[in-house]
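Chains, contacts and geometry: an overview
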Amino acid sequence: MHYVVFVKQVPDTSVVKLDPVTNTLDRSSAPSIINPYDSHAVEEAVRLKNKYGGKVTVISMGPPMAVDVIKKCIELGADDGVLISDRAFAGSDTLATSYALTQALRKVSEKEPVDVIFAGKQAIDGDTAQVGPGVARRLSMPVLAQVIHVESFSAEKKVIRVHRKIEDGVEIVESKLPVLITVEKEINDLTYAPLPNMIKAAKYKPLIWSVNDIEVDRDQLGLKGSPTVVGKIFAPPKQSGGQKVTGTADEVVKTVMDKLVNVHGLFTGGGVS
Amino acid sequence: MAEKFDVIVVGAGPAGSAAAHTLAKAGLNVIMFERGEYPGSKNVMGGVIYRHQLQEIVPDFLESAPLERPIVQQNFWMMDEKSVFQMGYKGLEWAEAPHNNFTVLRAKFDQWFAGKAVEQGALLINETVVTEAIVEDGKVIGVRTDRPNGDVYADVVILADGVNSLLAKQLGFHKELKPSEVALAVMQVINLPAEKIEDRFNLEPNQGATIELFGDSTKGLLGTSFIYTNKESISIGVGTLLSGLMENRMKPYELLETLKQHPVVRKLIQGGEPKEYLAHLIPEGGYHSIPKLVDHGVMVVGDAAQLVNGIHREGSNLAMASGRMAAETVIMAKQVNDFSANILDAYRTNLMNSFVGQDLKKYKDAAHTLDRNPVYFKEYIPMMNRAASEMFTVDGVSKWDKQKKVMGMVQEKGTISTIRDLYRAWKVMK
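Here is what the cut-offs are and how they apply
- Residues numbered from 1 in each chain as written.
- Chains lettered and ligands numbered in written order.
- Predicted model: local features only at pLDDT ≥ 70, side-chain atom pairs only at ≥ 80, totals over all residues.
- Helix = DSSP H or I, 4+ residues; strand = E, 2+ residues; numbered from the N terminus.
- Buried ≥ 20, exposed ≤ 12 C-beta atoms within 10 Å, placed from the backbone.
- Contact = placed C-beta atoms within 7 Å.
- Pairing = 2+ DSSP bridges.
- Axes fitted to C-alpha atoms, helices over the stretch in contact; angles between N-to-C directions.
- Nonpolar A, V, L, I, M, F, W, Y, C, P; charged D, E, K, R; others polar.
- Parallel < 35°, antiparallel > 145°, perpendicular 65-115°, else oblique.
- Left-handed = near helix turned anticlockwise from the far one by under 90°.
- Expected span 1.5 Å × (residues − 1).
- Domains from an automatic or database assignment.
- Core = buried A, V, L, I, M, F, W, Y, C linked by C-beta atoms within 7 Å.
- pLDDT = per-residue confidence, 0-100.

1. Observations regarding the overall build of chain A
Within chain A, the secondary structure is distributed over 6 helices and 13 strands. In terms of overall dimensions, chain A has a C-alpha envelope of 70 × 50 × 40 Å along the principal axes. Relative to its 273 residues, chain A shows a buried fraction of 36%. A fraction of 69% describes how many contacts in chain A between residues 6 or more apart in sequence connect residues 24 or more apart.

2. Observations regarding the sheet that holds strand E7 (residues 80-84) of chain A
Residue and element names in this part refer to chain A. Across the sheet, 9 strands lie side by side as E11-E10-E9-E12-E8-E1-E6-E7-E13; this open sheet has mixed pairing. For this open sheet the edge positions go to strand E11 (169-176) and strand E13 (207-209), each flanked by a neighbour on one side alone. Averaged over all adjacent pairs, the angle separating strand axes in this sheet is 30°, with direction ignored. Where strand E1 (residues 2-7) and strand E6 (residues 55-61) come together, 6 bridges link them in parallel fashion. Note that in E6 the partner of Val 4 across the bridge is Thr 57. Along the sheet face, helix H3 (residues 94-111) touches E1, E6, E7 and E13 and points at about 145° away from the line of E6.

3. Structural notes on the interface of chain B and chain A
Taken residue by residue, the interface counts 11 residues in chain B and 9 residues in chain A. Broken down by element, the residue count for the side of chain B that touches chain A peaks at 3 residues, all from strand E7 (residues 123-125) of chain B. The residue inventory of the side of chain B that touches chain A, partitioned by class, reads 5 nonpolar, 4 polar and 2 charged.

4. Considering the packing of H3(A) against helix H4 (residues 131-138) of chain A
Residue and element names in this part refer to chain A. Across the interface, H3 lies against H4 with an axial gap of 8 Å and an inter-helix angle of 55°. As far as their axial angle goes, H4 and H3 are oblique. The interaxial crossing formed by H3 with H4 has right-handed handedness. Residues Thr 94, Leu 95, Thr 97, Ser 98, Tyr 99, Leu 101, Thr 102 and Leu 105 of H3 lie in contact with H4, whose contacting residues are Val 131, Gly 134, Val 135 and Arg 138. A per-class count over the contact of H3 with H4 returns 6 nonpolar, 5 polar and 1 charged.

5. Quick word on the pairing of strand E5 (residues 84-90) of chain B
All names here are of chain B. Relative to E5, strand E4 (residues 67-79) runs antiparallel, the two sharing 7 bridges. What sits directly across from Met 78, in E5, is Phe 85. Following E4, the chain reverses through 4 residues before pairing antiparallel with E5.

6. Considerations on the environment of A:Pro178
Residues and elements named next belong to chain A. By secondary structure assignment, the location of Pro 178 is in the loop between E11 and strand E12 (179-183). Note: C-alpha distance between Pro 178 and Val 253 (75 residues apart in sequence) is 54 Å. Beyond its immediate chain neighbours, meaning those up to four positions away, Pro 178 contacts Val 114, Asp 115, Val 116 and Met 141.

7. Side note on helix H14 (residues 375-392) of chain B
All names here are of chain B. Its 18 residues place the ends of H14 24 Å apart at the C-alpha level, agreeing with the 26 Å of an ideal helix rising 1.5 Å per residue. For H14, the complete set of buried residues consists of Phe 377, Ile 381, Pro 382, Met 383 and Asn 385. Residues of H14 that are buried make contact with E4, E5, strand E12 (208-215) and helix H15 (399-413).

8. Describing the domain arrangement of chain B
Assigned domains of chain B: these are domain 1 (4-66 + 105-174 + 291-353), domain 2 (67-101 + 176-288) and domain 3 (367-429). Using only C-alpha atoms to locate each centre, domain 1 of chain B and domain 3 of chain B end up separated by 45 Å.

9. Focus: the nonpolar core
Among the nonpolar cores identified, the biggest contains 186 residues, and A:Val5, B:Val30, B:Ile158, B:Leu159, B:Met299 and B:Val301 are the most heavily contacted of them. For this core, the element with the most residues is helix H10 (residues 316-336) of chain B, which contributes 9 residues. Leave out the neighbours within four places in its chain, and B:Ile158 touches B:Val7, B:Val9, B:Val10, B:Ala19, B:Met299, B:Val301 and B:Ala326.

10. What to know about the confidence of the model for chain B
Chain-level statistics for chain B give a pLDDT mean of 91 and a share of 100% at 70 or above. The ipTM for the predicted assembly is 0.84, set against a pTM of 0.87.

11. Thoughts on the domain arrangement of chain A
Domains assigned within chain A are domain 1 (2-220) and domain 2 (239-273). Computed from C-alpha coordinates alone, the two centres of domain 1 of chain A and domain 2 of chain A are separated by 44 Å.

12. Quick notes on unusual backbone geometry
Residue and element names in this part refer to chain A. The omega torsion of the bond from Leu 177 to Pro 178 falls at -5°, within 30 degrees of zero and hence cis. Even without being glycine, Ala 129 reaches a positive phi, approximately 60°. Along the chain, the position of Ala 129 falls in the loop between strand E8 (116-120) and H4. Judged by local crowding, Ala 129 falls into the partly exposed class, with 18 C-beta atoms found within 10 Å. Of note, Ser 140 is a non-glycine position whose phi angle comes to about 50°, a positive value.

13. Observations regarding the packing of H15(B) against helix H16 (residues 415-429) of chain B
Residue and element names in this part refer to chain B. H16 packs onto H15 with a crossing angle of 90° between their chain directions and a minimal axis gap of 5 Å. Classified by the angle their axes make, H15 and H16 are roughly perpendicular. Of the residues in H16, those in contact with Val 410, Gln 411 and Lys 413 of H15 are Thr 415, Ser 417 and Thr 418. The residue makeup of the contact of H15 with H16, split by class, is 1 nonpolar, 4 polar and 1 charged.

Following this line, the structure appears as structure tokens:
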């Protein structure tokens, strides 16, 4: 079995600031981290590997400093990692990014065919959730998005059965391999990496591929290959502070219920009987 | 099978990184552990790094080290409630390379310094706590970490795990630290535009100043406060002996707030935006508190060895020097393949014969004397302020009479006891 995981280095959006002039992320204001969804994708791939054997390879696209996320994945138990890094990729939108990653994946699978591709549900900086499914489409491969549990996996029959989070419930789906899976964080809890993994990661030198190392049509890369147009960027309006309700517990509950029922119309929509 | 290295360094502060850098450069196989998310993430220091010791380890540090400002002016302020007696030296020779010392922010500096050791080939393992030393037949042969399969072995373990060195304690090198042996320092980094800092401290761009404050800034407790200029921020902090805080039921952050409001300090930081709040223990026991430094397969460096010169607020340079000397001893021991206490003891000898040991010896009784005799902070500093005020106030009284008044202050305190106090102070500082 060969598992490939796509990972992305992102600014820690829990601390990042917006540039007040351009409304874009001020990347210097926050440390770079592995996209949190992606670390769970790596964890899941490593768990499958530990159970059914095989190998986990991670692929990332980004500036040279993104080698740090590859090393992070080695800590989490991945066996190998490749970073594709080149100025030719700069400015890529999700379409161009999925193209570049697909071409890198094709090269990786030349050596060893890929059975399952994992990715995080979305990246916390762009929140698009498009790149994973985009790669699957390019490879004409089924995609199972927002997976919260792998119920069963058969290496011989080459089938996987998973639970997907959907709007009002859970969908249990089975797919043939190869398949692309995007994961939610609840799929697993990250393991505290064993020391030998930490040592391996500290020593690890990820492969870095430039645009010349993979077979690409340059017109589909970077700004040229990106049809997305950003119309406008604005910071969300600041929420004004609400009304503060004070008093004893009973008074507070009464005031709040009164507001909910009489002002906001709770129980009038017929949703609750 | 757990891996074996030549050397394990516990802690990636200035002492640990100095050791790892020196060892890796000499071709030894080194692994360095840091419990924080990255080196410097858990470290606190007012922020003065000395050029000489750093240059001995990283000769071209000026090109890449995240230095804030070279210090050209060092001030000493003897504070009373509404006044301050100032001394200081400003030397523009320090504005030119090679400089004397620099302000730094530890979170950036430690990361850089550890990165330099990694460039030399040391392995840095972050977010990993070393829980104990592995001892076999009376020899330290490795360490245990808090990670699964967390054991790792080495010929020598260098303990650079900071002031409250848990490993040195486990090995019985020192007992639980006494409150009179450590200072609790709290500090704040306050953002201010560079031009404001330069105007307020009378500096050119890329020049820095330090102020050490004594007296009212610690409400008479034994300790000092400091104000250092960074590029676009000011570090301000208060450090006092833990024992003093306990006896007087004072809270360190209250001392810091009071200092920030002090009428002669307030304007320096006015309008700044508080960015970080930090607190840390600083070893202040000096010479008498230095623990056992060496045993079979193990050495202690930096704060873990209590190597801080409180009188001259030097610590990072002693840390770096000790880390380097420990490493040099290991390199020598490696040549004879003998890591017994006998051989490693060369580190202790070298350290005690160097400026580190000599300086700590020079001031071995200073802190204790000042601590046992609160008059220095509580009475002489205010007296100095009153005397200056008297001499400089023009009110028609002749200078002869003013001198008499000043001498009167001394007589009020008792001439003999004043002379005795001053002699005692001179003796411990000489």
